[in-house]
Protein chains: 2
Amino acid sequence: MTANILVVEDEPAIQELLAFNIAQCGYRAIEAYDADGAWTHINHALPDLILLDWMLPGSSGVELARRLRADQRTRNIPIIMLTARTDERDKILGLESGADDYITKPFSPRELMARIRAVLRRRAPQMSDETVVAGGLELSPAMHRINANGAMIDLGPTEFRLLHFFMTHPERVYSRSQLLDQVWGDHVFVEERTVDVHIRRLRQALEPSSLDRLIQTVRGSGYRFSCN
Amino acid sequence: MTANILVVEDEPAIQELLAFNIAQCGYRAIEAYDADGAWTHINHALPDLILLDWMLPGSSGVELARRLRADQRTRNIPIIMLTARTDERDKILGLESGADDYITKPFSPRELMARIRAVLRRRAPQMSDETVVAGGLELSPAMHRINANGAMIDLGPTEFRLLHFFMTHPERVYSRSQLLDQVWGDHVFVEERTVDVHIRRLRQALEPSSLDRLIQTVRGSGYRFSCN
DNA sequence: CGATGGTATGACAGAATTGTGACAGTAGCA
DNA sequence: TGCTACTGTCACAATTCTGTCATACCATCG
């Protein structure tokens, strides 16, 4: 899973340092030098994480962070703020504006990478765009479409993610809490029984195609998507 | 399975609330009221998770966290920090000192338990997930499935655990009380005869594949799973 | 051969787990 | 702003699982 990290930083030297460390860790760094450049990149492809400098030419990093939080598409992208000062007020402002974490320059690359990993680990896994085929179903994340033996099936966002997870992890039993972690994200706090309800809704949607038995209950353990 | 959670909290009311919720979730709460008490418990038996209050009499929670991280034995025990303040700076400090997660009072028990589960799950991925093969049977804990010469066998939770134990401990006789300890857990109180009933149910499930003779009765001693 | 102690089996009620329909709050959208 | 669709939760129904008996069965031994 190579995550794309958008680095918004106007100083080339630091930009380069960050890019080097990020690449070292197996992630891909995308460079932006101001808020406008950042938006361009974001509109082109949503990054998995944004490393955002507090001081930017034009509009500040905090402002960009606010804009990111206001937009539905970018709302859930984690942000780590970078600042040159140790000014405490900056920390408060940065975190209030929606940043997930915060680090001051000069920082040790090791600490930064540790935080990046922590933030990435915490976020809900991203769904790839590849079409998945399993058990007579064809699911295309890009088009948000499901083809069941020629019939189209419409699902809500949650059921869609749930089915996508099952289709990419077939034949294996997942407990309710594992499903919550994988499909809802491990920072969400909902009742475990909520999973049951969504399983039911998913089965209900698959029923017209007689594919509802693909999702099996394993009493005492959880649920399983089985192609047999 | 039942994880021990050390709760380091000086306020009895909160201690009790935490203990109640932890017990509710099936974990065991161990109580400590200060850093020294915590060390005593830790030296006695390593907990699976530590719930640590930020404000403690004597040395602070952060200090205890640092000490835990410095010690080889306790380095890998996950820590969740509790704090009364909503000051984001504490969050930074807490995470820097080695905590795995962080929660502010007042917290919802549900959120706290969700985090506990998440942390425990991250740290301890399923242990014996490996497929076991013995006596013409193939048992996969991950899929919660049993393959008997191509035929799928469905078992209830108890029979599944029983068969899993037998397959991982073949050719040896176990008494009823040993089986109760190993399969049911050594804290439950059930009649020894109950084992007979579950043995029968297991044999019944294996019968269609003519594999019921794998489980042999040793009169006066117990039962044995034999591959011959 | 019958007595004896241990084991197998079928039935059953209570416990535990899961399925289901309803509902209110919320978020997205026009 | 109002409308629509989606979510999470609950209460209750339906199902399955468990532990315990009572009884039938069997090996062993006097």
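Residue positions within a chain follow its written sequence, with the count starting from 1. In the order they appear in the text, chains get letters beginning with A and ligands get numbers beginning with 1. Per-residue local features are limited, in this predicted model, to residues with pLDDT of at least 70; the limit for side-chain atom pairs, both in listing and counting, is 80 or more; totals at the level of whole chains, interfaces and linings are taken over all residues. Working from all heavy atoms in the structure, the side-chain values ignore hydrogens and water.

(A) Layout of the overall build of chain A. Check the secondary structure of chain A and you find eight helices and 12 strands. With 228 residues in all, chain A has 48% of them scored as buried. Of the contacts formed within chain A by residues at least 6 apart in sequence, a portion of 57% connects residues at least 24 apart. Per-residue accessibility takes into account occlusion by the displayed protein chains alone, with areas from the Shrake-Rupley method and a 1.4 Å probe. For chain A, the exposed area adds up to about 11500 Å²; of that, 49% sits on carbon and sulfur atoms. By the criteria applied, helices consist of DSSP H or I runs no shorter than four residues and strands consist of E runs no shorter than two, each listed in order from the N terminus. Residue burial is assigned from relative accessible area. The probe radius is 1.4 Å, only protein chains are included, and a residue is buried under 20% of its type maximum, exposed over 50%, and partly exposed in between. By definition in these notes, contact holds between two residues if any of their heavy atoms fall within 4.5 Å.

(B) Just the pattern of salt bridges, in detail. Residue and element names in this part refer to chain A. The term salt bridge refers to a pairing of a side-chain nitrogen on Lys or Arg with a carboxyl oxygen on Asp or Glu at a separation within 4 Å. Under the criterion given, the structure shown has five salt bridges over all chains. A salt bridge links Arg193 to Asp196, with the nearest nitrogen and oxygen atoms 2.7 Å apart. With Arg193 and Asp196 both in helix α8 (residues 193-206), this residue pair falls three residues apart, about one helical turn. For Arg193, a relative accessible area of 54% puts it in the exposed group. On the accessibility criterion, Asp196 (15% relative accessible area) is buried. One network of salt bridges, with partners in common, ties together Arg176, Arg193 and Asp196.

(C) Seen up close, the packing of aromatic side chains. Residue and element names in this part refer to chain A. Only Phe, Tyr and Trp rings are paired, with Trp represented by its six-membered ring, and only when their centres lie within 6.5 Å; those with planes under 30 degrees apart are stacked, over 60 edge-to-face, the remainder tilted. Scanning the entire structure with this criterion turns up six aromatic pairs over all chains. With 6.3 Å between their ring centres and 50 degrees between their planes, Phe165 and Phe166 make a pair best called tilted. Since its relative accessible area comes to 6%, Phe165 is described here as buried. For Phe166, a relative accessible area of 0% gives the class buried. Taken together, Phe165, Phe166, Tyr174 and Phe225 form an aromatic cluster joined through their ring pairs.

(D) Highlighting helix α1 (residues 12-24) of chain B. Residue and element names in this part refer to chain B. Taking 1.5 Å per residue as the helical rise, α1 with its 13 residues ought to reach 18 Å, and the 18 Å between its terminal C-alpha atoms agrees with that figure. Taken residue by residue, α1 has Ile14, Gln15, Leu18, Ala19, Asn21 and Ile22 as its buried positions. Positive backbone phi, approximately 90 degrees, marks Gly26, located one or two places after α1. What a helix is expected to span follows from its residue count: subtract one and scale by 1.5 Å.

(E) Molecular detail of unusual backbone geometry. Phi at A:Asn149 takes a positive value of approximately 55 degrees, unusual for a residue other than glycine. For A:Asn149, the location among the structural elements is in the loop between β8 (145-148) and β9 (151-153).

(F) Looking closely at the protein's contact with DNA strand C. In this text, near means that some heavy atom of the residue lies within 4 Å of the molecule or strand in question. Neighbouring DNA strand C are 24 residues; A:Thr217, A:Tyr223, B:Thr217, B:Arg219 and B:Tyr223 lie closest to it. Here, DNA strand C places atoms within 4 Å of the protein, and 63% of those atoms are sugar or phosphate. Polar contacts here mean pairs of N or O atoms no more than 3.5 Å apart (in protein, one a potential hydrogen donor and the other a potential acceptor; neighbouring residues in sequence count only if both atoms are side-chain atoms). A distance of 2.7 Å separates a base oxygen of DNA strand C from a polar atom in the side chain of A:Arg219. When residues in the surface near DNA strand C are grouped by element, the largest group, six residues, is from helix α8 (residues 193-206) of chain B. Here the nonpolar group is Ala, Val, Leu, Ile, Met, Phe, Trp, Tyr, Cys and Pro; Asp, Glu, Lys and Arg are the charged ones; every other residue, Gly included, is treated as polar. In the surface near DNA strand C, the residues fall into three nonpolar, six polar and 15 charged.

(G) Representation of the sheet that holds β9(A). All names here are of chain A. If you trace the four strands from one edge of the open sheet to the other, you get β6-β7-β8-β9, paired in antiparallel fashion. Edge strands, defined here as strands with exactly one partner in the open sheet, are β6 (132-134) and β9. Ignoring strand direction, the axes of neighbouring strands in this sheet form an average angle of 20 degrees. In this structure, strand β7 (residues 137-140) lies alongside β8, joined through four bridges in antiparallel fashion. Bridge pairing links Glu138 to Asn147 in β8. The strands touched by helix α6 (residues 157-168) within the sheet are β6, β7 and β8, with β7 carrying the most contacts at an inclination of about 120 degrees. A pair of strands is labelled paired if DSSP reports no fewer than 2 bridges between them. A fitted line through C-alpha atoms serves as each axis, taken over the contacting stretch for helices, and the angle formed by two N-to-C directions is quoted from 0 to 180°.

(H) Structural view of the protein's contact with DNA strand D. Close to DNA strand D lie 25 residues; A:Thr158, A:Arg201, B:Thr158, B:Glu191 and B:Arg201 are nearest. Here the atoms of DNA strand D within 4 Å of the protein split so that 64% fall in sugar or phosphate, with bases taking the remainder. At 3.0 Å from a phosphate oxygen of DNA strand D is found a side-chain nitrogen or oxygen belonging to B:Trp184. Contact between DNA strand D and B:Glu191: a phosphate oxygen at 2.6 Å from a main-chain N or O atom of the residue. Secondary structure elements with two or more residues in the surface near DNA strand D: α6 and α8 of chain A together with α6 (157-168) and α8 of chain B. Tallied by class, the residues present in the surface near DNA strand D amount to eight nonpolar, eight polar and nine charged.

(I) How the structure looks around the sheet that holds strand β8 (residues 145-148) of chain B. All names here are of chain B. Here we have four strands laid out as an open sheet, ordered β6-β7-β8-β9, and antiparallel in their pairing. Single-partner strands in this sheet number two, and they are β6 (132-134) and β9 (151-153). For this sheet, the mean angle separating the axes of adjacent strands, direction not counted, is 20 degrees. Pairing geometry for β8 and β9, over three bridges, is antiparallel. Bridge pairing in β9 links Asn147 to Met152.

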